[in-house]
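Architecture and fold: a report
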2 protein chains.
Amino acid sequence: MARPRNRDYGELRRELIDTAGRLLAAEGPSALSTRRVAQRAGVSTTAVYKLFGDKAGLVREMFLAGFERLAEAFEAVPRTGDPLADLAALGRAYRANALSNPHLYELMFGRPVPEFEPDEEVADLIRPTYDALVEAVARCVEAGVFAPAEPEDVALRLNGLTHGLCSLELRAALGSAEEASRHWDDAFDTMLRGLAVHRADSDR
Amino acid sequence: MARPRNRDYGELRRELIDTAGRLLAAEGPSALSTRRVAQRAGVSTTAVYKLFGDKAGLVREMFLAGFERLAEAFEAVPRTGDPLADLAALGRAYRANALSNPHLYELMFGRPVPEFEPDEEVADLIRPTYDALVEAVARCVEAGVFAPAEPEDVALRLNGLTHGLCSLELRAALGSAEEASRHWDDAFDTMLRGLAVHRADSDR
DNA sequence: CGATGTTTTGTAACGACGTTACGGTACTAT
DNA sequence: ATAGTACCGTAACGTCGTTACAAAACATCG
């Protein structure tokens, strides 16, 4: 004697997340309000709270959607016989993803929305994406392209550099697109040269 | 027939900026409201608007105060005969400044307050601090410690890495303080080795 | 089919925010 | 003393996140 069956909310969920993403991209973080998202999707604000609990819940889903996109971009990177080239391709994929979803990137790796802070569960969902990087580094070490080192440590260094460059580029601190590409290439060259096995080490 | 003399507002300005900084550090970006800042300083919200125009004006001053602190930290780094050591010391000063003023750092290099975006004038005030880095790099190149390169380009690479590492550490992604220090040292070692003149280049 | 009880949802409200209009207060120059 | 201007606090407007409440929708049971 009740109404136990919930309707399928998957569609509305996706629609709201999508709407929120477009709103964020179009008008920036200050436009991302539950009211406006609901209004754009043609539902009441209550619906948002029913589905996501609060604004942080909505932002959390956007956050996860962003990581899904990044994971897809990583999976699209082929695994060739050249581990160094694969690693560089991962870096390019990371950069391209950041540039084509700047606001989502800020959401994922900046701190623009004070309502939401990633928790333990979210961290677990993110880890596999990071592991792809670690694994690419491990292949470089195994192939003898890199000097022996802990892949996790090297991945962290590369991640630091990559995130820093993304951050600078999104702030337009890398100049034009061509200049930026040059900076990326140079920075990666430098870092990879530092990681490589070089004769000087064995000479001393 | 008037009241032309303006009182000296310097004190109240500093007090408000300071109060806002402490509020930001204590309770995060969401607590940074003109109302609360004014209340803490014991004045009316109108005073804030009188002195800073709007909230963005206040945030702008906080932003500049943060850069002043960073500039002071940079100036405290001595200029020894070892340009490489000086460069590393600059990196450590940057890191220490970020860690001791995390919210201010977010304000300066993240994007937590959507109300304020640095303009041209602010960029000019910041440049000298960045130039200190460029100059330190130039000394390394001149001394023959680094392979010949444009100091601006190399500085950008180092800035990218440094900012990326700060960003990761502020997100607690670098582990304990000791682990983080090790990561910093390793990352800088790697990058600096990549920038150094090494025998392998001339051997080929 | 209709009654029932739960789920869903829109309306309206609360408190806090940024911002500003307004009116009173304080003070200087005459 | 008075007039006129700078200053400042109060209160308001619109918007925000969030929630209480009541109406509506609907699956189950008689």
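See the structure shown above.
Residues numbered from 1 in each chain as written. Chains lettered and ligands numbered in written order. Predicted model: local features only at pLDDT ≥ 70, side-chain atom pairs only at ≥ 80, totals over all residues. Heavy atoms only, no water.

**Some points on the overall build of chain A**
Counting secondary structure elements, chain A contains ten helices and zero strands. Across its three principal axes, chain A shows a C-alpha extent of roughly 80 × 45 × 25 Å. Taken over 204 residues, chain A has a buried fraction of 48%. Sequence separation of 24 or more characterises 65% of the internal contacts of chain A that already satisfy a separation of 6 or more. Of the roughly 10800 Å² of accessible surface on chain A, 50% is carried by carbon and sulfur atoms. (Helix = DSSP H or I, 4+ residues; strand = E, 2+ residues; numbered from the N terminus. Buried < 20%, exposed > 50% of the residue type's maximum accessible area, 1.4 Å probe, protein only. Contact = heavy atoms within 4.5 Å. Areas by Shrake-Rupley, 256 points an atom, 1.4 Å probe, with all protein chains shown as cover.)

**Examining the state of the cysteines**
Under the criterion given, the structure shown has zero disulfides over all chains. Between Cys-140 of chain A, a free cysteine, and Cys-166 of chain A, which holds the nearest cysteine sulfur, the sulfur-to-sulfur gap is 19 Å. The buried category is assigned to Cys-140 of chain A, whose relative accessible area is 0%. The closest cysteine sulfur to the non-disulfide-bonded Cys-166 of chain A is located on Cys-166 of chain B, 17 Å from its own sulfur. (Disulfide = S-S within 2.5 Å.)

**Digging into unusual backbone geometry**
In this structure, Ala-172 of chain A is a non-glycine residue whose phi angle is positive, near 60°. A relative accessible area of 60% means that Ala-172 of chain A is categorised as exposed.

**Focus: the relation of the copies chain B and chain A**
Take chain B, turn it by 180°, move it 0.0 Å along the axis, and it overlays chain A with an RMSD of 0.0 Å. The superposition operator between the copies reduces to a two-fold rotation axis. (Least-squares fit on C-alpha atoms with pLDDT ≥ 70 in both.)

**Points about helix 8 (residues 151-170) of chain A**
Residue and element names in this part refer to chain A. Taking 1.5 Å per residue, 20 residues should reach 28 Å; helix 8 reaches 28 Å between its end C-alpha atoms and fits that length. Burial analysis of helix 8 places 19 of its 20 residues in the buried class, which makes it a mostly covered element. In the segment just after helix 8, Ala-172 is the residue with positive phi, at about 60°. (Expected span 1.5 Å × (residues − 1).)

**As for the side chain of Thr-129 of chain A**
All names here are of chain A. Its location among the elements puts Thr-129 in helix 7 (residues 120-142). Judged by relative accessible area, Thr-129 falls into the buried class, the value being 10%. In contact with Thr-129, other than residues within four places in its own chain, are Phe-67, Leu-70, Ala-71 and Phe-74.

**Some thoughts on the interface of chain B and chain A**
Taken together, the contacts link 37 residues of chain B with 37 residues of chain A. Of the roughly 3100 Å² buried at the junction of chain B and chain A (both faces included), carbon and sulfur atoms supply 59%. Summed over the shared surface of chain B and chain A, the number is four salt bridges. Between Arg-182 of chain B and Asp-153 of chain A there is a salt bridge whose closest N-O contact spans 3.0 Å. Joining chain B to chain A, the criterion identifies ten residue pairs in polar contact (both at pLDDT 80 or more). Of all the secondary-structure elements, those providing two or more residues to the side of chain B that touches chain A are helix 6 (102-109), helix 8 (151-170), helix 9 (177-195) and helix 10 (199-203) of chain B. When residues of the side of chain B that touches chain A are assigned to their parent elements, the largest contribution, twelve residues, is made by helix 8 of chain B. Classifying every residue of the side of chain B that touches chain A by side-chain character gives 16 nonpolar, eleven polar and ten charged. (Buried area = accessible area lost by both parts, 1.4 Å probe. Salt bridge = Lys/Arg side-chain N within 4 Å of Asp/Glu carboxyl O. Polar contact = N/O pair within 3.5 Å; in protein donor to acceptor, adjacent residues only side chain to side chain. Nonpolar A, V, L, I, M, F, W, Y, C, P; charged D, E, K, R; others polar.)

**Concerning the packing of helix 9 (residues 177-195) of chain A against helix 8 of chain B**
Each pair of packed helices gets described by two things: the angle between the helix axes and the distance between those axes. Axis separation between helix 9 of chain A and helix 8 of chain B bottoms out at 10 Å; the angle between their running directions is 75°. Judged on the interaxial angle alone, helix 8 of chain B and helix 9 of chain A are roughly perpendicular. Of the residues in helix 8 of chain B, those touching helix 9 of chain A at Arg-182, His-183, Asp-186, Ala-187, Thr-190 and Met-191 of chain A are Asp-153, Leu-156, Arg-157 and Leu-161 of chain B. Looking at side-chain class alone, the contact of helix 9 of chain A with helix 8 of chain B contains four nonpolar, two polar and four charged residues. (Axes fitted to C-alpha atoms, helices over the stretch in contact; angles between N-to-C directions. Parallel < 35°, antiparallel > 145°, perpendicular 65-115°, else oblique.)

**Focus on the packing of aromatic side chains**
In this structure the tally under the stated criterion is 14 aromatic pairs over all chains. Ring centres of Tyr-105 of chain A and Phe-109 of chain A lie 4.9 Å apart, and the angle between their planes is 50°; on these two criteria the pair is classed as tilted. One end of the pair, Tyr-105 of chain A, and the other, Phe-109 of chain A, are both in helix 6 (residues 102-109), four residues apart, so they sit about a helical turn from each other. The same class applies to Tyr-105 of chain A as to Phe-109 of chain A, namely buried. Look at Trp-184 of chain B and Phe-188 of chain B: their rings are 6.1 Å apart centre to centre, the planes differ by 20°, and that puts the pair in the stacked class. Of this pair, Trp-184 of chain B and Phe-188 of chain B both sit in helix 9, four residues apart, which is roughly one turn of the helix. Among the residues examined, Phe-188 of chain B registers a relative accessible area of 11% and is labelled buried. (Phe/Tyr/Trp six-rings, centres within 6.5 Å; stacked < 30°, edge-to-face > 60°.)

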